[in-house]
Amino acid sequence: MNVLDSELVVGSLRRQGYELTHEVADADVIFFNTCSVRQHAEDKIYSALGRLRGHKKRHPEKVVGVLGCMAQKDQGLILKRAPHVDIVCGTGQLARLPELIGAVRDTGKPQTALSLDRTEGRHEVERSFESYDPLRDPSMRPNRFQAYVRINIGCDKFCTYCIVPSVRGPEQSRHPEVIAAEVRQLAAEGCKEVILLGQTVNSYKYDMGDGRRMRLSDLLARIHDTAGIERIKFVTNFPKDMTDDLLEAVRDLPKVCRYLHVPVQSACDEILKRMKRQYTAGFYREMLHRCREMVPGVAISSDFIVGFCGETEASFEKSAALVREAGFKNSFIFKYSPRPGTKGHELYADDVPEEVKKRRNNDLLAIQTKMSLADHIRLVGERVEVLIEGPSKNGLKQSATGPIQLTGRTRTDHIVVFDGNERLAGQTVMVDVQEASAFTLYGNIVTGDQVGALFCGPELSAGSQRIGLPLL
Ligand code: SAM
Ligand code: SF4
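Residues numbered from 1 in each chain as written. Chains lettered and ligands numbered in written order. Predicted model: local features only at pLDDT ≥ 70, side-chain atom pairs only at ≥ 80, totals over all residues. Heavy atoms only, no water.

**A word on the site of ligand 1**
Put simply, the rule is: Here, proximity means that at least one heavy atom of the residue falls within 4 Å of the molecule or strand. Within 3.5 Å is the distance limit for a polar contact, defined as a pair of N or O atoms, with the added protein rule that one can donate a hydrogen and the other accept it, and that residues adjacent in sequence qualify only through two side-chain atoms. Using the Shrake-Rupley algorithm and a 1.4 Å probe, accessible areas are obtained, with residue cover drawn only from the displayed protein chains. Each residue gets one of three labels, nonpolar for Ala, Val, Leu, Ile, Met, Phe, Trp, Tyr, Cys and Pro, charged for Asp, Glu, Lys and Arg, and polar for the others, Gly among them.
Around ligand 1 sit 15 residues, and of these Tyr161, Gln199, Gln265, Asp303 and Ser337 come closest. In this structure, a nitrogen atom belonging to ligand 1 sits 3.0 Å away from a main-chain N or O atom of tyrosine 161. Between an oxygen atom of ligand 1 and a side-chain N or O atom of glutamine 265, the distance comes to 2.8 Å. Coverage of ligand 1 by the protein amounts to 89% of the 560 Å² it exposes when considered alone. Class assignment of the residues belonging to the shell around ligand 1 gives a composition of 6 nonpolar, 4 polar and 5 charged.

Spelled out as structure tokens, the structure:
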């Protein structure tokens with residue numbers, strides 16, 4: 001979500017004549033787009049702001065801004081802790097940045113633009129969290145073949161550990177036709193894969209005003225036939241909203257990737273209740289079973305929080321058991337970080353010591369790594385379809401004259417590296433998987449003749465028809 005916000009901010013400033021620089025010394029305007037999901041992310045911003053203090057003193061004409069979730073959360077505290085900051089701008093006010101820069105230059109005074117607190121009237125609060133997504137800038141994306149598209153903003157779930165509902169506001173879905181137009185625009189710019197974004201993307205619903213209510217499954221069907229788009233992914237899913245109509249859409253629409261990120265957070269019912277996740281471990285297991293039954297070959301990943309208030313060894317063991325049995329492709333594992341302003345912080349003591357959180361984090365990671373390796377090894381010997389994203393980290397260091405190491409992803413979001421010409425970036429190719437680690441598959445690109453034979457294969461999905469012959 002923050003990557004997309006940064007892309008949009010750069011897009012709007014480019015329209016004002018700004019250019020992007022990676023050198024702080026060259027910049028006229030310096031922005032930090034921030035996260036406040038965990039304390040560590042905030043600490044990093046405050047120390048980066050501290051390092052900038054001397055630079056700003058020497059160059060008072062430069063404009064320094066703090067944007068996003070931490071701006072919305074800390075508000076005036078930012079100006080107290082870092083008085084050299086000129087702009088504090090929350091997630092829902094980013095469209096106002098050009099105006100705020102102008103006001104700083106005109107008045108020499110700090111400017112603050114924040115959305116309303118959620119205790120105000122719902123309608124007013126909603127209006128204060130604006131989305132200005134149409135301002136796209138292809139040059140800001142890591143590659144022009146893939147793009148994020150926001151379909152809903154905010155969140156109404158209020159999990160007790162989570163700051164997102166306060167800093168990103170109420171859940172609001174965007175009009176399906178606006179989303180469809182954005183996807184068409186991206187496709188016209190050469191984009192092949194869109195990743196639909198929402199804090200709880202599968203809670204998407206839009207009342208069309210004529211009795212029809214569009215759900216995520218309807219939206220997927222609506223954008224599916226956009227010419228040029230080969231793949232559609234969506235993140236992040238809320239377990240309770242993983243409905244059968246959505247799974248049917250994933251099964252039946254060939255461009256929709258068979259990959260679901262569905263965070264569970266914990267597999268202990270007492271902890272889930274304290275987290276206010278609205279489901280039990282049993283419900284989550286049943287949902288996993290339903291996903292695998294209805295969508296053959298689907299890859300599933302998850303998030304876990306370890307060391308939440310009251311988590312005992314026995315409750316942690318329940319999460320460990322789920323990781324051992326669930327067959328997740330991967331999991332993101334976080335140590336609980338108390339967030340002032342959340343119910344969890346107000347109601348429960350942060351009673352799991354830091355070293356215990358650290359150990360549980362490492363233990364769960366070790367189990368998941370073993371399971372991810374098993375999941376990857378399963379694919380050795382298979383031929384997979386890969387959308388090439390560009391040179392891998394190693395490839396970037398290699399000479400550009402010969403083949404270099406490229407990286408891309410399968411439809412199930414598995415990362416694959418293989419050798420090939422850099423010009424292949426953006427093409428969809430077939431790769432024979434030869435080796436696997438817990439995080440990566442290694443293989444050889446299928447040559448022209450082999451691809452020709454492949455076109456006749458009965459198991460090809462409709463998406464595979466766009467495979468170009470690789471130029472080796
Ligand atoms: N909306 C998504 C969902 O419901 O799963 C996740 C949004 S949150 C930005 C991403 C992940 O951060 C969560 O899944 C959770 O694992 C983690 N997270 C959120 N608040 C946290 C906290 N206070 N401490 C540690 N991890 C946290
Ligand atoms: Fe946070 Fe829960 Fe909303 Fe996800 S569903 S953003 S974890 S409150």
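Don't stop here, the text continues.
**A look at the sheet that holds strand β13 (residues 299-306)**
Note the following rule: Here, any two strands with at least 2 DSSP bridges between them count as paired. Secondary structure is summarised from DSSP: a helix means a run of H or I of at least four residues, a strand means a run of E of at least two, and numbering begins at the N terminus for each. Axis lines are fitted to C-alpha atoms, over the contacting stretch for helices. Their N-to-C directions set the angle, which ranges from 0 to 180 degrees.
As summarised here, the arrangement of the 3 strands in space is β12-β13-β14, forming an open sheet in which the pairing is parallel. A strand with exactly one partner marks an edge of an open sheet, and here the two such strands are β12 (259-261) and β14 (331-335). Here the strands of the sheet are splayed against their neighbours by 10° on average, with no regard to which way each runs.

**Things to note about the pairing of strand β17 (residues 415-420)**
As paired elements, strand β16 (residues 404-409) and β17 share 6 bridges and run antiparallel to each other. Paired with glycine 408 across the bridge in β17 is valine 416. With antiparallel pairing between neighbouring strands as the criterion, β16 and β17 make up a hairpin whose turn holds 5 residues, including aspartate 413 at a positive phi of roughly 70°. Where β17 lies against strand β19 (residues 441-445), 2 bridges are found, and the strand directions are parallel. Counted as the bridge partner of valine 416 is leucine 441 from β19.

**Observations concerning the pattern of salt bridges**
Note the cut-off: Each reported salt bridge corresponds to a side-chain nitrogen of Lys or Arg within 4 Å of a carboxyl oxygen of Asp or Glu. Residue exposure (1.4 Å probe, protein chains only): buried if accessible area is under 20% of the type maximum, exposed if over 50%, otherwise partly exposed.
For the structure on display, the rule yields 41 salt bridges. Note that arginine 122 and glutamate 126 form a salt bridge whose closest N and O atoms lie 2.9 Å from each other. Residue arginine 122 and its partner glutamate 126 are located together in helix α6 (residues 122-128), separated by 4 residues, close to a single helical turn. Close ionic contact of arginine 324 with glutamate 317 constitutes a salt bridge, the shortest N to O distance being 3.9 Å. Of the residues examined, glutamate 317 reaches a relative accessible area of 39% and is grouped as partly exposed. By sharing partners, the salt bridges in this structure join Glu193, Arg231, Lys233, Lys329, Glu385, Glu389, Arg409, Arg411 and Asp413 into a single network.

**Remarks on helix α2 (residues 39-58)**
The test is simple: Residue count minus one, scaled by 1.5 Å, sets the expected span of a helix. What we call the bend at a residue is the angle made by axes fitted to the seven residues finishing there and the seven residues starting there.
The end-to-end C-alpha separation of α2 is 30 Å, in line with the 28 Å expected for 20 residues at 1.5 Å each. At leucine 52, α2 is bent by approximately 35°, the largest bend along its length. Glu42, Ile45, Tyr46, Ala48, Leu49, Leu52, His55 and Lys56 are the residues of α2 that are buried.

**Considering the sheet that holds strand β8 (residues 193-197)**
How we decide: Any two residues having at least one pair of non-hydrogen atoms within 4.5 Å are treated as being in contact.
Strand order in the open sheet formed by 3 strands is β5-β8-β11, and the pairing between neighbours is parallel. Taken across any chain shown, the strands that pair with only one partner, and hence form the sheet edges, are β5 (146-150) and β11 (231-235). Here the average twist between neighbouring strands, direction ignored, is 25°. Contacts from helix α8 (residues 176-188) reach β5 and β8, with the element oriented near 165° to β5.

**Considering the pairing of strand β15 (residues 383-391)**
Two elements, β15 and strand β18 (residues 428-436), share 5 bridges in a ladder whose sense is antiparallel. Each bridged residue has a counterpart across the sheet, and for leucine 387 the counterpart in β18 is threonine 428. Pairing between β15 and β16: 4 bridges, direction antiparallel. Its bridge partner lying in β16, leucine 387 is registered against arginine 409.

**Quick notes on the nonpolar core**
Counted only if it meets this: We define the nonpolar core as a collection of buried residues of types Ala, Val, Leu, Ile, Met, Phe, Trp, Tyr and Cys that are connected through side-chain atoms lying within 4.5 Å of one another.
Core analysis: the largest hydrophobic core is formed by 55 residues, its most contacted members being Val194, Leu196, Leu216, Leu220, Phe234, Leu260 and Tyr284. If you tally residues by element for this core, the top one is helix α12 (residues 281-294), at 6 residues. When residues no more than four places from it in sequence are discounted, the contact partners of tyrosine 284 are Pro239, Val262, Pro263, Val264, Tyr279, Ser302, Leu322 and Phe328. Of all hydrophobic cores here, the second largest spans 21 residues; its members include Leu8, Leu100, Tyr132 and Leu197.

**Considerations on helix α9 (residues 216-224)**
To keep it simple, the criterion reads: The arc under discussion is defined with respect to the helix axis, by the directions toward the C-beta atoms.
Residues of α9 that are buried include every one of Leu216, Ser217, Leu219, Leu220, Ile223 and His224, and no others. All buried residues of α9 lie within an arc of 160° about the axis, which places them on one face of the element.

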